[in-house]
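The chain contents come next:
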Amino acid sequence: MQTPDPAPHIEAPHIELAIGGMTCAACASRIEKKLNRMPGVTATVNYATEKARVAFGEGVVLDDVLATVVKIGYTAEPTPPSPAFAERGPGPSAVDAGQAVSARPAFGDEHRSGANGVRVGAPAATGPRTPTPSGPPREQHPPSRTTPQGEAGGRAALWTRLRVTALLSAPVVALAMIPPLQFDNWQWLSLTLAAPAVVWGGLPFHRAAWTNLRHGAATMDTLVSTGTLAAFGWSLWALFFGTAGMPGMRHGFGFGTGRGDGSGTIYLEVAAGVVTFILLGRHLEARAKRKSGAALRALLELGAKDVAVLREGAELRVPVGELRTGDHFVVRPGEKIATDGTVVEGASAVDASMLTGESVPVDVGVGDPVTGATVNAGGRLVVEATRVGADTQLARMGRLVEDAQNGKAEAQRLADRIAGVFVPVVFLIALATLTGWLLATGDATAAFTAAVAVLIIACPCALGLATPTALMVGTGRGAQLGILIKGPEVLESTRRVDTVVLDKTGTVTTGRMSLAEVHTADDVEEKQLLRLAGALEYASEHPIARAIASGAEDRAGALPDAEDFRALPGRGVEGVVEGHRVYVGRDRDLELPPGLAAAGSAAEARGRTAVVVAWDGVARGVLAVSDTVKETSTEAVARLRALGLTPVLLTGDHRAVALAVAAEVGIAADDVHAEVLPEDKAAVIERLQGRGRTVAMVGDGVNDAAALAIADLGLAMGTGTDAAIEAADLTLVRGDLRVAADAIRLSRRTLATIKGNLFWAFGYNLAAVPLAAAGLLNPMVAGAAMAFSSVFVVTNSLRLRSFT
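Note that the coordinates shown come from a computational prediction; the quantities given were computed from them, not determined experimentally. (Residues numbered from 1 in each chain as written. Predicted model: local features only at pLDDT ≥ 70, side-chain atom pairs only at ≥ 80, totals over all residues. Heavy atoms only, no water.)

What about the pattern of salt bridges?
Counted under the stated rule, the structure contains 20 salt bridges. The partner of Asp-327 in a salt bridge is Arg-311, and the shortest N-O contact between them spans 3.1 Å. Remark: Arg-311 occurs in strand β5 (residues 306–311) and Asp-327 occurs in the loop between β6 (314–319) and β7 (328–331); sequence separation between them is 16 residues. Overall, the relative accessible area of 15% leaves Asp-327 in the buried class. Residues Glu-635 and Arg-738 are paired through a salt bridge, measuring 3.3 Å at the closest nitrogen-oxygen approach. One end of the pair, Glu-635, is in helix α19 (residues 633–642); the other, Arg-738, is in helix α24 (residues 738–773), with 103 residues separating them in the sequence. (Salt bridge = Lys/Arg side-chain N within 4 Å of Asp/Glu carboxyl O. Helix = DSSP H or I, 4+ residues; strand = E, 2+ residues; numbered from the N terminus. Buried < 20%, exposed > 50% of the residue type's maximum accessible area, 1.4 Å probe, protein only.)

Encoded structure:
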C-alpha cells in the first residue's frame, strides 16, 4: 500500500470552503446532506455566502471532502484567510491532495462559536505526490467564484448575459403581448430572436440542470430549464408541424392559460421572457448580496497596510505583516495604528469610531492600550506591539462576524429541509396539473400552459436567502456599531430574555477608584490637605492610594516629594511631607472631631471608602473614595427597562456599596445581589432561571465567564477580559452599557427580519403554486414573480443597514 506524503494539518476543528455552482437553497441542502453522510464530517452550507463550514473528525482526509462536493456537480476549495486574520506563511491554498485534518483548536476558538479564518500551518510538500489510500487521483477543482476576482468576474459575465438576452427578448415579448405589432411572419422573427435568448441566455440553467440530472438530482435550475425548454420546444413543434408557422398567423396575450388550438399557439415570449426575468433576478440578487456583506468587507479592510517600525533607533517602513510582538512602531497624526499595543512614548487622542461606533476620540498616553485600525487624531505616538496577526481585536471581530454570518437559525434549517424536497414535489404538482387539466377540459394548450407556470413559479430561492441575507446585513451593521453577534441562535435568545443581570465593577461602574469627597477640619485648607495626602499616597501602588494621588494632583496641582515613606499593613501609610509627619489610612484608634466623624460615617453609608488624613498627630480631614458610576449607566438601565427587561445588579462588593450604585442608576433594592463570591455568580443566574426567568448577563471579568456562559444570553464588554468575551454570545466592543440595549434591539430587529423573510418566502410559494395550477398565471408572469420574490427578500434584509 502506498502512503501519502506528510501533509500540513488544519489548525482548527473547522475549515471553511468556498462553494461554486450553487443556484438555489436546494443546492445548498443537497451539498450539506452529502457532506454530513461522510463519516466524521459535520457540515453547514450557506447559500447566501456560498460557503460551507466543515468540522472534521479524526482521520478525515480533506481531499475526500472536496471530491464529494465535485462529484455532485459543484466546486469547492478552502477559503484563504482574510487579510485581517492572516499571519505569515501559506494559507489554505497550500492544501493538497491526501491531507489529513487534525482537530487541534486554534487560539481563542475553543468555544462554542467554532473557528474561522482557518489556516494551514505549513506549505504542502513539493514534488510528485503518491495516490492516497482513499481512492484514485482527484479531479482538479476549479477556482471558486466566491474569491474576489471570481466573484467580480462572475457578476460581470452575468451582467453581459442579461443585457444581451434582454435585448433579444424585448421584441419577442412586445410582439406577443401587443397584437397590432404582429405583421405577416412575425412569428419567424420571434423565433430568430428567441432561440439565442433561450439557448445561450439560459445556458447556465441548462448546464446546471444537465449536471444535476447526471447525478440524479433536481434543483431550481431543473425547474427553469425544463419550463423554458418545454415552452420553446412546443413553439418549435407548432411552427414546423402545426399551423403556427402559416403567414398571417395572429394571437393575443392573456395573463391566464387560454390560447385555443395548441398547434397554432407559440410560447416564444414565455421561454425568452422567463430566462430574462430570472437572469435579472440573479443580477439584482447578486448586487444585493454584495451590499449585505459590505459591512464585513469594510471591517476587514480597516487595518493599516504598512508601518514605521523602530529598528536600531531608525524608522523602517515595512508591511504590517512583518510586525512582531514587542516591536516598537511610530504612529504619526492621521495614521492608522498598525496593531494592538501599548503607548510607550507620546500622548494623543485616538479616533476609534470605525471600530467601535464611538464618535468621541479617546485621550491616550504612556501606558495606555491602543487598538489596531484606530486612527491617531493628535500627536506622535510610539507604540509597543502586544498582539499581531490573527490575535488582534480587529481579527477577532472579523472572525466573530463571519462565524455569525455562516450560521443558521432553526427556522432556516427547516426552510432548507423543505427546499431539499421541494423541487421533486413541484414536478409532481406540475404533472398532476397537466393531467388534471387534460382530464377536466381536454384542452392541451391550457394544460401545458398551467404546468409550465407551476414549474417556473415554484423556485425555492427565497427560502434559501431569507436567513443568511438578514444575518449578513444585521451582523455587519452590528460590527459597525461595535456589536459582535456570535451566531443566529443568539437572535432566538434575545426574543425570550426578560431579565438582564449587570455585573457592577467595570460594567455599571468604571472599575477604577476615584476621589469623590474631601472634608477638612475647621482650620485646614482643602488644597493643603490634598497636597500633603496626595504626596504621601503617590508613593503607594494601592488602588485607593492611586485614586487619592490622582485626585489631589487634579485639584491641587503639582505634588511635593514624600520622605521616610512607610506602609503600615492594614492601617495605611505614613511619611514626611514638607516637614510634617503625615498619616493617611483607616486607623480606628485615631480620634476625629465630631464633624469629620459624621462625614466619614455618611460617606461609608453611601458605599464609599472613608480615609483619614492626619499630620503631627492630629486628624485634619477625611477623604472619600469610590468606584465611579459610568456617566451612561443610568440611561442604559432606562433603555433596558424600555425593552421590557428587569435589570438586576450583581456584585461581590459590600451591600451598602451595591445599594448606593443601584439607587443611582435606577435598579430596585430587591434586585440587588451583593457580596457574591466569583464562583457563586453562576449560581445566582441559575436561581433566577429556576424562577422561570430567561436571563441575559452583562459582564467583563474573568470571574464573570462562568455566569456569561450559563446565562440564556451572555453579553461581554469588549473592554473586559478574553475569557469573558469568549464565553459570551454578544460582545460589546465599547465599554458603554447603552450598547447592551442597542445589541438586544438589533438582534430582535434582525430576528424579526428573518421571520418576515421566511413568511414571505413560504407565503409566496403557498399562494403562487395553486394560482399557477389553476391556470390563473401566464408562465412569463410566473417567471417575473419568481425572480422578484428573491429580490424582495434580499432588499427587505438590506433595510437593516439603516439601524441606529
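A word on the sheet that holds strand β10 (residues 362–364)
In spatial order, the strands read β10-β9-β12; together these 3 strands make up an open sheet with antiparallel pairing. Edge positions in the sheet fall to β10 and β12 (375–376), since each has one partner strand and no second. Summarising the sheet, strand β9 (residues 348–351) and β12 pair through 2 bridges and their orientation is antiparallel. When the sheet's bridge partners are listed, Asp-351 is paired in β12 with Val-375. (Pairing = 2+ DSSP bridges.)

Some words on the sheet that holds strand β26 (residues 730–732)
Strands sit in the order β14-β26-β25-β24-β15-β22-β23 across an open sheet of 7 strands; the sheet is mixed. Every other strand in the sheet has two partners, leaving β14 (483–485) and β23 (672–673) as the edge strands with one partner each.

Some words on the UniProt feature "transmembrane region" (unreviewed entry) in the chain
As recorded in UniProt, the feature "transmembrane region" (unreviewed entry) lies at residues 164–182, 188–210, 222–244, 264–281, 418–440, 446–467, 757–774 and 780–798. From the first C-alpha to the last, residues 222–244 spans 28 Å; its make-up is 83% helix and 0% strand. Annotated as 94% helix and 0% strand, the span residues 757–774 places its first and last C-alpha atoms 26 Å apart. (UniProt positions renumbered as here; feature names shortened; annotations may be inferred.)

A closer look at helix α16 (residues 526–537)
The terminal C-alpha atoms of α16, which comprises 12 residues, lie 16 Å apart, in line with the 16 Å expected from a rise of 1.5 Å per residue. Three or more residues of α16 are buried, namely Leu-529, Leu-530, Leu-532, Ala-533, Gly-534, Ala-535, Leu-536 and Glu-537. (Expected span 1.5 Å × (residues − 1).)

Some details on the pairing of strand β1 (residues 14–20)
In terms of burial, β1 is largely enclosed, as 7 of its 7 residues are buried. Where burial is concerned, the two faces of β1 agree: the one with His-14, Glu-16, Ala-18 and Gly-20 and the one with Ile-15, Leu-17 and Ile-19 are both buried. Two strands pair when backbone bridges link them, and β1 and strand β3 (residues 51–56) are joined in this way by 5 bridges, in the antiparallel orientation. Paired with Glu-16 across the two strands is Arg-53, which belongs to β3. In this sheet, strand β4 (residues 75–78) lies alongside β1 in antiparallel orientation, the contact comprising 4 bridges. Within the sheet, the bridge partner assigned to Gly-20 lies in β4 and is Thr-75.

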